[in-house]
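Understanding the architecture of this molecule
Residue strings, one per chain:
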Amino acid sequence: MYNDKVMETFRNPKNVGEIENADGVGTVGNASCGDIMQISLKIENDVIVDAKFKTFGCAAAIATSSTATEMIKGMTVEEALKVTNKQVIETLGGLPSQKIHCSVLAEEAIKKAIEDYHAKKNA
Amino acid sequence: MVKTPIYFDHAATTPVCEESAKAMLNYLTGTFGNPNSQHEFGRQAMKAVDEARDGIAKIINCKPSELYFTSGGTESDNWALRGVAHAFKNKGKHIIISPIEHAAMLATAKALEKEGFKVSFMKVDGEGFVDLEHLKSIVDKDTIFVGCMLANNEVGTIEPIKEIAQIAHSVGAVCFTDAVQAAGVLKIDVKDLGVDLMSMSSHKIYGPKGVGALYIRNGLRIESIITGGHQERTKRGGTTNVAGIVGFYEAFRIADRDLEKNAIYVSALRDRFIERALNEIPYIKLNGPKDGSKRLPANADFSFDYIEGESILFSLDLAGIAVSSGSACSSGSLEPSHVLLSLGLPEALAHGSIRFSFGKHNTLEEIDYAVDELKSAVSRLREMSPLFKLEEGEIKNV
Ligand code: FES
């Protein structure tokens, strides 16, 4: 059901972990399956210099976490906010239809982490 | 180094054994006739089907006339439940089944509910055993059907069917058991069990897919669900699957012949796996009976805290180990296992379960390799899990 790229990403995910003293952390739950993802960001001058994730979820959730964090590294927060789950899926070469919802986790976790960054900055 | 891939999913299906494949071959090419034909070709085919019927009947201790061949467990389940409900609808409307039945039963019960039948569920305890006192309290004069698996496919619980049958009969209800996981694995005597109907399947016991049987006690009223020709004494239409039936019988015969030997061998593999897994992997729970004698010899089912079943399944798959996940994430639906929820597991744990089902060709080396791989997969996934560390500190509600 998963393509080779998804399986390979699941086998060797990048950016697993948690950034100490992160500038923004976002944790979201998936309403449809109960799975959970956390993304932490290191941000300098509004540019994401590092991103890490922790995921409680299926293989698709882990693969999309890895891909999404790879994608946003080097982006400005503005650019990162525009990353959609569709782009993540495209980068992975597609997901089975019943696994599309898993990719939403990454998009939402990034948004939440950036929100957290803004909140911290304005505090 | 062990050879991969390793197959630990025998509760899903098994390879066809040599004897069965060989027996079938002749009925695919040589003796290909339709048993319904009058001529020699037909008579030869009919002879083979009769032999299979006689042989299987003997194994489960019923009369050949009480055995009906079907396309497998799902059809047999459908037929038993729907066929009895429709035949007895003027007597009563109450159907009682266990909550841990196969989807074939649950879905059929749901469909019958729409037709006006009332469906109640037995209670099961934390290991999956039916609560007989509760069952006694819910059977009533309106009850026409009481059905429960002989052994559960997911957690391996062997149910007290004899007692369940007695309770069903005390109110004049029909008793059914789904023996798809049990037939050919546990010694079964339908007369001793006292059930009126029993489902069986071929491909769980090293026979071909697409064939099974339903035992129907002589004299029991039941409606057909597949109407058509005169096959199976006019009760089940459709051209007889001669080769499949021959292969089913051959597989069943071998399984019955080697039943004790296989049970001893496979349960030793199971016990080794369970012991090592429980000792070496933290935050793990064995689902189903702790007492090995009350559990299917080939079954080991675990839940893992902080991680999800599908990701364990694919981690093992990458290591060359084929297992199945109770968490439906992998099967396409998003619901956690209905069996584990019925056993009282919280949803997160019900999502994180993996079933290992062993077979006669597996070896101790494979068991040890698999435990090692499981160990590293679980710890790798836990490192990735946001719940693992959160638990140690504080759990954030997300
Ligand atoms: S099934 Fe829950 S994230 Fe994929």
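Residues numbered from 1 in each chain as written. Chains lettered and ligands numbered in written order. Predicted model: local features only at pLDDT ≥ 70, side-chain atom pairs only at ≥ 80, totals over all residues. Heavy atoms only, no water.

Section: the pairing of strand E7 (residues 197–201) of chain B
Residues and elements named next belong to chain B. This is how the line gets drawn: The buried label applies to any residue whose accessible area, calculated with a 1.4 Å probe on protein chains only, is under 20% of its type's maximum; exposed applies above 50%, and partly exposed to all values in between. A run of H or I in DSSP becomes a helix once it reaches four residues, and a run of E becomes a strand once it reaches two; helices and strands are each numbered from the N terminus. A pair of strands is labelled paired if DSSP reports no fewer than 2 bridges between them.
Within E7, 5 of the 5 residues are buried, which leaves it mostly tucked inside the rest of the structure. Bridge count between strand E6 (residues 174–178) and E7: 3 bridges; the pairing is parallel. When the bridges of E7 are listed, Asp178 appears paired with Ser199. Where E7 lies against strand E8 (residues 212–216), 5 bridges are found, and the strand directions are antiparallel. Note on E8: the bridge partner recorded for Ser201 is Gly212.

A closer look at helix H4 (residues 103–114) of chain B
For an α-helix the count is 3.6 residues per turn, leaving residues at separations of three or four pointing the same way. Residues and elements named next belong to chain B. Selection criterion: Expected helix span is computed as 1.5 Å times (number of residues minus one). Starting at the helix axis, one direction is taken to each C-beta atom, and the arc is that of these directions. The contact definition used throughout considers only heavy atoms, calling two residues in contact when any of these lie within 4.5 Å.
Look at H4: 17 Å from first C-alpha to last across 12 residues, which is about the 16 Å you get at 1.5 Å a residue. Within H4 the residues assigned to the buried category are Ala104, Met105, Thr108, Ala109 and Leu112. Each buried residue of H4 lies within a common arc of 125° when the element is viewed along its axis, so the set occupies one face. Set apart from the buried face of H4 by more than 90 degrees, the exposed residues are Lys110 and Lys114. Check the buried side of H4 and you find it contacts helix H3 (73–87), strand E3 (94–97), strand E4 (118–121), strand E5 (143–149) and E6. Two residues or fewer after H4 comes Gly116, characterised by a positive phi angle close to 110°.

Description of the domain arrangement of chain B
All names here are of chain B. Using the following cut-off: For each domain, the first and last residues come from an automatic or database assignment. Accessible-area loss on putting two parts together, using a 1.4 Å probe and summing over both, is the definition of buried area adopted here. Salt bridge, as used here, is a side-chain nitrogen of Lys or Arg placed within 4 Å of a carboxyl oxygen of Asp or Glu.
Its domain assignment divides chain B into domain 1 (6–14 + 259–386) and domain 2 (18–257). Its C-alpha centre places domain 1 at a distance of 28 Å from the equivalent point of domain 2. Contacts between the two partners involve 29 residues from domain 1 and, on the opposite side, 33 residues from domain 2. Considering only the side of domain 1, the residues that lose the most area to domain 2 are Thr14, Leu259 and Leu296, jointly responsible for 29% of the buried surface there. The interface formed by domain 1 and domain 2 holds 1 salt bridge in total.

As for the interface of chain B and chain A
We apply this condition: In protein, a polar contact means a hydrogen-donor-capable atom and an acceptor-capable atom, both N or O and within 3.5 Å, with residues adjacent in sequence counting only if both atoms are side-chain atoms; elsewhere, any N or O pair within 3.5 Å suffices.
Across the contact, 24 residues belong to chain B and 25 residues belong to chain A. Overall, the association of chain B and chain A removes approximately 2,200 Å² of surface from exposure, summing both partners, and the carbon and sulfur fraction of that is 68%. Connecting chain B to chain A are 1 salt bridge. Counting across the interface, chain B meets chain A through 8 residue pairs in polar contact (both at pLDDT 80 or more).

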